[in-house]
Amino acid sequence: MKLVALAFALFSLVPLAGQGPATLPVTEIRAGMKGYGRTVFQGGKIERFDFEVLGVQRNAAPGKSRIMVRASGGPLADTGILAGMSGSPCFIDGKLIGALSTGLLFEKEAIGGITPIAEMLDQLRDIPETPPSRTPLILPKLEPPKVLKAALSGQMLDFRTLMGEPDPQAMPMSIVGSALGPEARRLWAGFPVAFAAAPVLSGGAREEASPLEPGGMAAVTLMQGDLDLAAAGTITYVSGKRVLLFGHQLFNLGSVDLPLWSATVASTVASYQSSFKMAMPVAPIGALRLDRSSGVAGLLGAEARMVPLRIGLNLGGKRTLNFRFELMDHPVATPALVATAVAQTLDAHTRGLGLQSLSMQGNIKLAGHPAILIENVIADLNPSRISQYVGAMLQAITLNPFEKPVFEGISLTIKAEERLDLSAIAGVRLLKARAKRGEILPVLVTLQNIQGVRETATFNIQVPSSAAKGKATLMVGDGFSLMAADPDERMIEVANLGDVVRLLNGALRNNHAYALLVQSQPGAGLRGSRIEGIPPTVATLVSGDGASSDNKLQRRIVGRAVLPLDREVRGLSQLDVEIE
């Protein structure tokens, strides 16, 4: 029997109430006892459903129990337990026993589990008045070096890498709003969410929100503006301005700061796999501040900060479209949401098949730090790499272990051309295999475009007088190929978010050709961990000159040169050079 967590990716809330209701401990609950729950099936009206206790599952997790029930009433005979019912308060003899929180996949009966209210109150008793000041980095399978290397390679880390394998018993959260294309959906692979295309109404067309009281619907808007995504659930418990929801975790990140909205239900959707409520946010009512395994908690009247995003799309120089979004500020979700906005914008306004080139420029502004510059060109049949690139840059920022970044804004401009602006490095040639210290080493590079047309460019690398005599390696390639093939397996020492910003601003681009003349040099570390594949030109950006040591990278690059181009470059060549 597979139990599934019922949190609709719309979260739950609770109204302004004084004291919470009387409660009934799990030790007094027996099979055969009958009770009722409160939830919303349609619009904003709270309705009752009935249940009979089947038994209590002791030690469902260490020190935790689950009350198993068979429910009836409303549409449940046709739908089974609905995603979005998570948090529905359940009562026996007028006493609150807990929140409906799990169901069964492919169930033929409405059988589900209730999280005991004592477990929710125990874990959610201390709701912070202010949002967290540090990054809630609870990612046991992730080390900072892996994030940085992925970012410099233009590849987002998937959710399985970030958070481990999803719980096979967890019911996917249903995220409603704008329909997502296949590229955007792939960004969420490994994360327990189910996307349901449903209209998110706005303005005067909104339905009346359900009451802010136990059994009412609440929602968290993950993204709003020119793309709407939201997640919803049911309010369990209210005491003053404090509310408890869900009966299970959202991400189990501890302290969080997420926007809470009132919500309404447009319809219930029956499914053989997992039925759900088609819920929609109505108006902001507070902020979610705690995310624990037994539920989530928030404060009514509080405000959560959103991340502003602007995307300008230039369609072949003929016209420019401008889009604006607001995203939830979350270390794991924000990069995926920005990448989703980019992927959806391209999916809606550029060709789905055929050759095309996408060039991106922009910046990420953080309070107290220089702007992080964005620059990339993608020439491919698949535009997903450009959304992956910006998402990877953001992962390096949001998942840093040093401080919580404060986003002032993200601005991106993308130009789409229906042609393939791509060149390969077809050959590299040295006019001489030996170079003296203090002289210029000319390097001839042959580039070939997709039509087979070749052109030759020249790098002039200054070999400094401080270079060591002996063998050096000339590496000529695009930025991402150099990231993957650096023979020294460089490491980077990063001590704060400012170092991460400098590292990202110095990242090698795939619309530049680079010539690096490198000699062996000691490795540095990131808190004692190695980062393999960091090119020396990037490594020198975060360390100074001086004597070498085991854990600090020194500036020992013999020479370098950069050839900026207006197209994507691919390829890598290596040659040996003798320094005299």
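Please refer to the structure higher up on the page.
Residues numbered from 1 in each chain as written. Predicted model: local features only at pLDDT ≥ 70, side-chain atom pairs only at ≥ 80, totals over all residues. Heavy atoms only, no water.

Asker: Quick question: what am I supposed to make of the pairing of strand S14 (residues 276-292) here?
Answerer: A regular strand carries its side chains on alternate faces of the sheet. Judged by how many residues are buried, S14 sits mostly within the fold: 14 of 17 residues are covered. Pairing analysis gives 12 bridges linking strand S13 (residues 254-269) to S14, with the strands arranged antiparallel. Directly across from Thr-264, in S14, lies its bridge partner Met-280. Remark: six residues form the turn of the hairpin made by S13 and S14, two consecutive strands paired antiparallel. Two strands pair when backbone bridges link them, and S14 and strand S15 (residues 295-300) are joined in this way by six bridges, in the antiparallel orientation. Bridged to Leu-290 within S15 is Ala-297. Where S14 folds back on S15, the antiparallel hairpin that results is connected by two residues. (Buried < 20%, exposed > 50% of the residue type's maximum accessible area, 1.4 Å probe, protein only. Helix = DSSP H or I, 4+ residues; strand = E, 2+ residues; numbered from the N terminus. Pairing = 2+ DSSP bridges.)

Asker: What is the right way to read the packing of aromatic side chains from this model?
Answerer: The description of an aromatic ring pair uses the distance of the two centres, along with the angle that the planes make with each other. The final tally for this structure, using the stated rule, is two aromatic pairs. Summarising the aromatic geometry, the rings of Phe-159 and Trp-188 are spaced 5.4 Å apart at their centres and angled 20° between planes, so their arrangement reads as stacked. Taken together, the residues Phe-159 in helix H4 (residues 159-163) and Trp-188 in the loop between helix H5 (182-186) and strand S9 (193-197) connect sequence positions 29 residues apart. In this structure, Phe-159 and Trp-188 share a single accessibility class: buried. Directly above the aromatic system of Tyr-36 lies the positively charged group of Arg-48, at a separation of 3.7 Å from the ring centroid. (Phe/Tyr/Trp six-rings, centres within 6.5 Å; stacked < 30°, edge-to-face > 60°. Lys NZ or Arg CZ within 6 Å of the ring centre and 35° of its normal.)

Asker: What should I look at first to understand the pairing of strand S5 (residues 89-92) in this one?
Answerer: Of the two faces of S5, both are covered, the one formed by Pro-89 and Phe-91 as well as the one formed by Cys-90 and Ile-92. As paired elements, strand S2 (residues 34-42) and S5 share two bridges and run antiparallel to each other. Counted as the bridge partner of Tyr-36 is Phe-91 from S5. As defined by bridge partners, S5 adjoins strand S6 (residues 95-104) across four bridges and the pair is classed as antiparallel. Looking at S6, one finds that Ile-92 is bridged to Lys-95. Hairpin connection of S5 to S6: two residues between the antiparallel strands, including Asp-93 at a positive phi of 55°.

Asker: Even after reading the chapter, I still don't get the sheet that holds strand S23 (residues 440-449), so can you show me in this structure?
Answerer: Whenever strands of a sheet pair, they do so through backbone hydrogen bonds, lying parallel or antiparallel. In space, the four strands of this open sheet follow the order S24-S23-S21-S28, with mixed pairing throughout. Either end of the sheet is taken by a strand with one partner, and the two such strands are strand S24 (454-462) and strand S28 (568-570). Mean inter-strand twist for the sheet, computed between neighbouring axes without regard to direction, equals 35°. Where strand S21 (residues 422-430) and S23 come together, seven bridges link them in antiparallel fashion. The residue bridging Ala-424 from the neighbouring strand is Gln-448, located in S23. (Axes fitted to C-alpha atoms, helices over the stretch in contact; angles between N-to-C directions.)

Asker: Quick question: what am I supposed to make of the side chain of Asp-329 here?
Answerer: Relative to the elements of secondary structure, Asp-329 occurs in the loop between strand S17 (319-328) and helix H6 (333-349). Owing to a relative accessible area of 12%, Asp-329 belongs among the buried residues under this scheme. If we skip the residues at most four places from it in the chain, Asp-329 touches Asp-257, Leu-258, Arg-305, Val-307, Thr-334, Lys-404, Pro-405 and Phe-407. (Contact = heavy atoms within 4.5 Å.)

Asker: Would you mind showing me how to read the pattern of salt bridges here?
Answerer: For side chains bearing opposite charge, pairing can occur when the charged atoms are close. As enumerated under the stated definition, the model contains 16 salt bridges in all. Ionic pairing is found between Glu-213 and Arg-38, a salt bridge with its closest N-O pair at 2.6 Å. Residue Glu-213 is found in the loop between S9 and strand S10 (217-225), and its partner Arg-38 is found in strand S2; the two are separated by 175 residues along the sequence. The exposure class of Arg-38 is partly exposed, given its relative accessible area of 21%. Across the pair Glu-580 and Arg-434 runs a salt bridge, and its minimum N-O distance is 3.2 Å. Here Arg-434 lies in strand S22 (residues 434-435) and Glu-580 lies in the segment after strand S29 (572-579), a separation of 146 residues in the sequence. Among the charged side chains, a network of salt bridges with common partners joins Lys-415, Glu-417, Arg-419 and Asp-421. (Salt bridge = Lys/Arg side-chain N within 4 Å of Asp/Glu carboxyl O.)

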